[in-house]
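Chains, contacts and geometry: an overview
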Amino acid sequence: MKYCQFSEKGPRMNNEDSCNIAEISDNRTLFVVCDGMGGHSCGEIASQTICDSFTEYWQDNPDMPDSEQKIMDASKAASKALDEKSGYYQMGTTLVMCSIEGNQATIAHAGDSRCYVIDIKGNVRYRTIDHIESSSISLPYINKAFFTRHPEDAVPDVRTIQLQPLDRILLCTDGLYNAIDDETLLHTLQCAKDVEQVAEKYKAICEEKAGDNYTAIIIEME
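Residues numbered from 1 in each chain as written. Predicted model: local features only at pLDDT ≥ 70, side-chain atom pairs only at ≥ 80, totals over all residues. Heavy atoms only, no water.

We now examine unusual backbone geometry. You will see that arginine 149, though not glycine, has its phi angle at about 60°, which is positive. Following the sequence through the fold, arginine 149 ends up in the loop between strand E11 (146-147) and strand E12 (157-162). Although it is not a glycine, leucine 166 adopts a positive phi angle of roughly 75°. With respect to the secondary-structure elements, leucine 166 resides in the loop between E12 and strand E13 (168-172). (Helix = DSSP H or I, 4+ residues; strand = E, 2+ residues; numbered from the N terminus.)

Here it is as structure tokens:
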């Protein structure tokens, strides 16, 4: 498995995205991306708190098999950590994570940060669906994420996928996919020669077009 990551503030004053990569054991690696909510206080603290909490849960439970229950337990711990960190502030963050053990990927997300899994031919094997709700009286809003004192909203969707050789996986925040049209995003993920070149091409587009922080982790199975 090969992977790389980047996280940039783009045109914003500060970067409210966070990402972690943790090698838990010889054959299990955890990848986490979070995007602090715009319009809420201390987005960068929220995203880093949830990112770190999931990482610590995996590190503290290396013998626990990846599963939906493990993710729900980690979510409860992360929600508690966010409440303890927040004080009187209202904080929120999205989450997308992928834990890879051997050829199995356990993917979870809450909010509009995404995971794409494509095969060597460019077929989309899996793509998360954003937790966005439309309303006739307000702008679309995120209806599932990690919010202070709202643990009922911190219930990620979970999917397990058997990976194939040369599958590529992208975890990213909305700042990246909003700057790159879907066709270019998927074509680059498929056709770039390696994960580093995928990152270089994404960053080049985002440096010109991004309107927000942008963060990505790119993974290729061997």
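What follows continues from the structure just given.
With that out of the way, let us pick up the sheet that holds strand E7 (residues 114-118). Within the open sheet, the five strands sit side by side as E1-E14-E13-E7-E8. Their pairing is antiparallel. The sheet is open, and its two borders are formed by strand E1 (2-8) and strand E8 (124-127), each paired with just one other strand. Across the sheet, the axes of successive neighbouring strands diverge by a mean angle of 10°, strand direction being ignored. Examined bridge by bridge, E7 and E8 share three bridges and lie antiparallel to one another. (Pairing = 2+ DSSP bridges. Axes fitted to C-alpha atoms, helices over the stretch in contact; angles between N-to-C directions.)

Counting through the fold element by element, aspartate 60 comes out in helix H1 (residues 43-60). Sequence-wise, aspartate 60 and alanine 74 are 14 residues apart; in three dimensions their C-alpha atoms are separated by 11 Å.

This brings us to helix H5 (residues 195-209). For H5, built from 15 residues, the straight-helix expectation of 21 Å at 1.5 Å per residue is met to within 8% by its first-to-last C-alpha distance of 21 Å. Against E1, E13, helix H3 (174-177), helix H4 (182-191) and strand E14 (214-220) lie the buried residues of H5. The N-terminus of H5 is capped by aspartate 194, whose side-chain oxygen sits 3.3 Å from the backbone nitrogen of glutamate 196. (Expected span 1.5 Å × (residues − 1). Contact = heavy atoms within 4.5 Å. Polar contact = N/O pair within 3.5 Å; in protein donor to acceptor, adjacent residues only side chain to side chain.)

It is worth spelling out the packing of aromatic side chains at this point. This model, assessed by the stated rule, comprises five aromatic pairs. Judged by centre distance (5.2 Å) and plane angle (80°), the rings of tyrosine 3 and phenylalanine 31 are edge-to-face. Of this pair, tyrosine 3 sits in strand E1 while phenylalanine 31 sits in strand E3 (residues 28-35), placing them 28 residues apart in sequence. Judged by its relative accessible area of 24%, tyrosine 3 is partly exposed. Ring centres of phenylalanine 6 and tyrosine 214 lie 6.2 Å apart, and the angle between their planes is 70°; on these two criteria the pair is classed as edge-to-face. Pair noted here: phenylalanine 6 is in strand E1 and tyrosine 214 is in strand E14, with a separation of 208 residues, a long-range link. With relative accessibility at 5%, the residue phenylalanine 6 sits in the buried group. For tyrosine 214, a relative accessible area of 4% translates into the label buried. Among the aromatic residues, those joined into a ring-pair cluster are Phe54, Tyr57, Trp58 and Phe146. Geometry around tyrosine 177 places arginine 114 over its ring, the cationic atom sitting 3.5 Å from the centre. (Phe/Tyr/Trp six-rings, centres within 6.5 Å; stacked < 30°, edge-to-face > 60°. Buried < 20%, exposed > 50% of the residue type's maximum accessible area, 1.4 Å probe, protein only. Lys NZ or Arg CZ within 6 Å of the ring centre and 35° of its normal.)

This part is about the sheet that holds strand E2 (residues 17-25). Here five strands make up an open sheet; going across it, the order is E2-E3-E5-E6-E12 and the pairing antiparallel. Among the strands making up the open sheet, the edge pair consists of E2 and E12. Taking the axes of each pair of neighbouring strands and ignoring which way they run, one obtains an average angle of 10° across the sheet. Sheet strands in contact with H1 are E2, E3 and strand E5 (95-101), and its direction is about 5° off that of E2. Contacts from helix H2 (residues 68-86) reach E3, E5, strand E6 (104-110) and E12 within the one sheet, and its direction differs from that of E12 by about 140°.

None of this, on its own, says anything about what the molecule does.
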